[in-house]
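# Report on the structure
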Amino acid sequence: MSTKPDRNGSARPHTGVAVGLRGVGKRFDGGVDAIKDLDLSVGPEEFVSIVGSSGCGKSTLLRIIAGLTPCTGGSVEVHGKTVTAPRRDVGMMFQRPALLAWKTSLENVLLPVRVHRRVSDDDLREAMRLLALFNLEGFEHHFPEQLSGGMRQRVALARLMMTGARVRLLDEPFGAVDELTRELLNLELLKIHERTASATIFITHSIAEAVLLSDRIVVMAPRPGTVAAEVTVSLPRPRSPEMAYTTRFQELAREVRDGLHLQTEGR
Ligand SMILES: Nc1ncnc2c1ncn2[C@@H]1O[C@H](COP(=O)(O)OP(=O)(O)OP(=O)(O)O)[C@@H](O)[C@H]1O
């Protein structure tokens, strides 16, 4: 069973499994084994980061969980049901924010609602609340090209929240923004996770980002992609950027780095 550190840093057990993978494999046409025999369980309120060298199968794994790519071996379940197609209770965010260029911030945030039903006054209020939560007050009626890269990612985060998804999948969402914006976006993500916890799987190349945000960090090994190591992040919540200066934080970062180096050396 996975564990999540509480405010005092001690681990408390997760009840239930939101995302469960057993023996998952993915062989692409042409015989590339992108993923092989991968097991992973994520609790309903757990934040799990996945790190690993380029090409080790992280994005493929997320796409399988999202129901966008079928696995060729093993089984994937979300809330106890086998994944065969995209589900409404699974939200995904990509490295590029994928906003519709001809829609305003507000309309982009309302999209997940609009594809299923008429937008109500409550929906509108909720979308405005989320935009304000992500410091986008005054930009509700701007189009994506009128926003900075960081602002676009915040709109995408607000849209992810608007889905109400109980499983959130984020594929290196802050990889394309500058370091300072990235730190601010990390804080936004921390805030929403600590207010409305969901099962979150987050891909990143940044060890510090993974330690700051996660309850657990999964290190993937390449060719074929599988879980090589797991590090439980025993830091209290709420988290703050100042924790990065603590010995415990640095020890955890080192543990992850060592895990990654072992994979690289083993190639
Ligand atoms: N559609 C596809 N057809 C064939 N091979 C693919 C396909 N998509 C991915 N692959 C291969 O599967 C492996 C894993 O790719 P994936 O994109 O999942 O890696 P990644 O860990 O997310 O990489 P990065 O960190 O660079 O984004 C790679 O060897 C890649 O070339």
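Residues numbered from 1 in each chain as written. Predicted model: local features only at pLDDT ≥ 70, side-chain atom pairs only at ≥ 80, totals over all residues.

Another point: the domain arrangement of the protein. Put simply, an interface is often sized by how much accessible area is lost when its parts join up. Under the domain assignment used here, the protein contains domain 1 (3-89 + 166-265) and domain 2 (96-164). Computed from C-alpha atoms alone, the centre-to-centre distance between domain 1 and domain 2 is 25 Å. With 11 residues of domain 1 at the interface, the matching set in domain 2 holds 9 residues. Grouping the constituent residues of the side of domain 1 that touches domain 2 by class yields 8 nonpolar, 1 polar and 2 charged. (Domains from an automatic or database assignment. Contact = placed C-beta atoms within 7 Å. Nonpolar A, V, L, I, M, F, W, Y, C, P; charged D, E, K, R; others polar.)

Across the sheet, which stays open at both edges, the 6 strands sit in the order β8-β9-β10-β5-β11-β12 with mixed pairing between neighbours. Either end of the sheet is taken by a strand with one partner, and the two such strands are β8 (90-93) and β12 (226-232). Here the average twist between neighbouring strands, direction ignored, is 20°. The sheet contact formed by β8 and strand β9 (residues 167-171) spans 4 bridges and is parallel. Bridged to M92 within β9 is L169. (Pairing = 2+ DSSP bridges. Helix = DSSP H or I, 4+ residues; strand = E, 2+ residues; numbered from the N terminus. Axes fitted to C-alpha atoms, helices over the stretch in contact; angles between N-to-C directions.)

The immediate surroundings of the ligand are formed by F28, V32, A34, G52, S54, G55, C56, G57, K58, S59 and T60. The greatest single-element share of the shell around the ligand, amounting to 3 residues, is contributed by helix α1 (residues 58-66). Of the residues belonging to the shell around the ligand, the class tally is 4 nonpolar, 6 polar and 1 charged. (Near = placed C-beta within 6 Å.)

Here strand β3 (residues 19-27) runs beside strand β4 (residues 33-42); their pairing, made up of 6 bridges, is antiparallel. When the sheet's bridge partners are listed, R27 is paired in β4 with D33. Between β3 and β4, which pair antiparallel and follow one another directly, the connecting turn spans 5 residues, one of which, G30, has a positive phi of 100°. The pairing of β3 with strand β6 (residues 73-78) spans 5 bridges and is antiparallel. Following the sheet pairing, G20 is matched in β6 by E77.

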